[in-house]
2 protein chains.
Amino acid sequence: MTRAVEDLPTPAVLVDMDVLARNIARQAGRARQAGVRLRPHAKTHKCPEIARMQLAAGAAGISLAKTSEAEVFAAAGFEDIFIAYPVAGLGKAERLLALSDRLRLAVGVDSPEGARGLSAVFAAAGRKLQVLLKIDCGYHRVGVLPEDALEVSKRIGELPGLSLRGVFTHAGHVYQAETPEAVAEIGRQEGETLAETASALRNAGIGVPEVSVGSTPSARHAMRVHGVTECRPGNYVFHDGSQVALGTCALEDCAMTILATVVSVPATDRAVVDAGSKTLSSDALRPRPGGHGLILGTRSRLVSLTEEHGAARVEEGDVFRVGDRVRILPNHACVVSNLHDRLYAVRSGRVETELRVAARGRVE
Amino acid sequence: MTRAVEDLPTPAVLVDMDVLARNIARQAGRARQAGVRLRPHAKTHKCPEIARMQLAAGAAGISLAKTSEAEVFAAAGFEDIFIAYPVAGLGKAERLLALSDRLRLAVGVDSPEGARGLSAVFAAAGRKLQVLLKIDCGYHRVGVLPEDALEVSKRIGELPGLSLRGVFTHAGHVYQAETPEAVAEIGRQEGETLAETASALRNAGIGVPEVSVGSTPSARHAMRVHGVTECRPGNYVFHDGSQVALGTCALEDCAMTILATVVSVPATDRAVVDAGSKTLSSDALRPRPGGHGLILGTRSRLVSLTEEHGAARVEEGDVFRVGDRVRILPNHACVVSNLHDRLYAVRSGRVETELRVAARGRVE
């Protein structure tokens, strides 16, 4: 006995399983065609069930951001995990050591200082941790600049207990790109910068077999650059309002929507739904701000959010009545799943199953 | 055996229990002095343990935003709950009926359309649900305008199964107030608007014993207005960066901080910690934007957040090294607790206990 979507209490996070499956297949096809491994970033969904669909479609393993997330996925049976994050601290290193008994594990590093704790713990145990050096390809968040990569690689290479598997990068600045051409250009630069950096390291005698690029908008461009071996997009399973705005996908490629109820229509130009920032997050639409979520089937958007209220400016021709149920396209899917314990897997208007967001709340 | 704060994995949400207790006592004292009931909004913490401290200090009951939150607090033994939200839909009404067997329950309404479902379910069961009419005192989110209150009250009064207990409001626009004088003025207006509305209803023969105002910045001003009977501040238990910026409290009155680790110092002017928008939320500092969290003991702030990275602009004189542990003052405490399963209760540098955020994830 499945439930009708209309019977769900609101707000509820819906995942259209047909769209999800299509997104997973398409991304796998892109990677196959480009001849690179796909290692999707599972922080987007934090659901082992969805990650299993990604592996079944051909993904080589998964990427994660947190040691605690890796613990959840390891417990769920995943055997090949890359923590694409510069993990620091002895406590984390001990947990990574325990994890490395059970799976093929790699971890990001971006400084000898940060790598030292990992080195100490793995060397003391007579073990080697595979690490990838983060390269800053222009985003300027973390990572070493390409011109510093050789020196940092050498210093990390001197640390016992570590083995440099490759280089990785993330062109997060692609989310500021205002045109599809700019997206493509950033993607190409991402791939070229990383491939050139890897090439320079190899010329200096440092083996870096893995050359790994990231991000849903840029990956399809970066993965086609010669020398790139792996891509790590995450958001593509769901897509969201920002991906539509960036031109990464069409509206019908968005698998995640929020089911909400209109709770108040206090003025002719304002309707308020029971989904606020605790449901949708406050993340802005990118590349340009544009409210907090399109109400599907209408021209109206949520224009302001508080914790439990989403206020739409009612556009001409749209009518909302108290009690109406609406579907909202979120700005940023990855932070929506992180706010919820379960996602409702929907097909043809019925709730097929509930997907537990197993690694939600695993912040450390 | 308690743990040292320094031994916690990061990021971690810390609550200084001495500051928390002082905040609770002060707010209770303010309400007592003003001669109004205190019904704190527990959406800020979602922790039964903290709500019990509020009751022990003299609170008359609690406010909540969601039916599901009320279910959690009812299960934890709370007996007097006001859902300060215009609840709509038959499914919710059925759940409220079940709840009303077990406690003194009241619910917000702001339209006859929204109230109709509640009315139908309670009338069919031969029961009365206490409702409070939401008045829009200038925030323009939900609620009826004061000039419409009489007509709407009459229409709601005609619905069987409901009993109008009073009026309530929330001056959310106080968070845009740029000076302490503006905060005070909005608070006074909030109290006066609501007291005058209640008075007009009484003059028309409609009994509204409860006159309930809200919000941590405005409550202390609104509660002093003659005719106000109850106040519902929430944030005051923790306070946060926005309350400091609004002049509601001093820095030392902030009970909630985020313990984080510096994971990367990629440039002399940039340090990155392991607390991003999945830890701190993306909520902006109010009343004016000002980054995403002050690093305590420094002049530096987080200036950009992504999901798992918080990037600080390093101000002159501040030094950050990879592995350093820092304490961050969040912009908005209410959304931080909602992102975490547990808060660490801290006293004198030791973790006394873990507070489970019991109603977290209860979105419906």
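Only a predicted model underlies this, so the values are computations on that prediction, with no experimental measurement involved.

1. With respect to unusual backbone geometry
Turning to step 1, where the next piece is worked out: In this chain, Thr 10 of chain A is followed by Pro 11 of chain A through a cis amide linkage whose omega measures -5°.
Turning to step 2, where the next piece is worked out: If you trace the backbone, Pro 11 of chain A turns up in the loop between β1 (3–4) and β2 (12–16).
Turning to step 3, where the next piece is worked out: The phi angle at His 239 of chain B is positive, at roughly 60°, despite the residue not being glycine.
Turning to step 4, where the next piece is worked out: On the basis of neighbour counts, which here come to 26 C-beta atoms within 10 Å, the residue His 239 of chain B falls in the buried class.
Turning to step 5, where the next piece is worked out: Positive phi, close to 50°, is recorded for Ser 348 of chain B, a residue that is not glycine.
Turning to step 6, where the next piece is worked out: Here Ser 348 of chain B is to be found in the loop between β17 (342–347) and β18 (350–356).
Turning to step 7, where the next piece is worked out: The exposed category is assigned to Ser 348 of chain B, around which 10 C-beta atoms lie within 10 Å.

2. Re the domain arrangement of chain A
Residues and elements named next belong to chain A.
Turning to step 1, where the next piece is worked out: Partitioning chain A into structural domains gives domain 1 (3–11 + 249–356) and domain 2 (17–237).
Turning to step 2, where the next piece is worked out: Listed as interface residues are 15 residues of domain 1 and, on the opposing side, 19 residues of domain 2.
Turning to step 3, where the next piece is worked out: If you list the elements that add at least two residues to the side of domain 1 that touches domain 2, you get α11 (333–337), β17 (342–347) and β18 (350–356).
Turning to step 4, where the next piece is worked out: Element by element, the count of residues in the side of domain 1 that touches domain 2 is highest for β17, at four residues.
Turning to step 5, where the next piece is worked out: Residues of the side of domain 1 that touches domain 2, tallied by class, amount to eight nonpolar, two polar and five charged.

3. Some words on the sheet that holds strand β10 (residues 230–232) of chain A
Pairing between the strands of a sheet is mediated by backbone hydrogen bonds and can be parallel or antiparallel.
All names here are of chain A.
Turning to step 1, where the next piece is worked out: What the eight strands build is an open sheet, ordered β3-β10-β9-β8-β7-β6-β5-β4; its pairing is parallel. In the strand order of this sheet, the two ends are held by β3 (37–38) and β4 (62–64), each with one partner.
Turning to step 2, where the next piece is worked out: As paired strands, β4 and strand β5 (residues 80–86) are joined by three bridges and run parallel to one another. Across the sheet, the residue bridging to Leu 64 is Ile 83, located in β5.

The rules behind the values
Residues numbered from 1 in each chain as written. Chains lettered and ligands numbered in written order. Predicted model: local features only at pLDDT ≥ 70, side-chain atom pairs only at ≥ 80, totals over all residues. Helix = DSSP H or I, 4+ residues; strand = E, 2+ residues; numbered from the N terminus. Buried ≥ 20, exposed ≤ 12 C-beta atoms within 10 Å, placed from the backbone. Domains from an automatic or database assignment. Contact = placed C-beta atoms within 7 Å. Nonpolar A, V, L, I, M, F, W, Y, C, P; charged D, E, K, R; others polar. Pairing = 2+ DSSP bridges.

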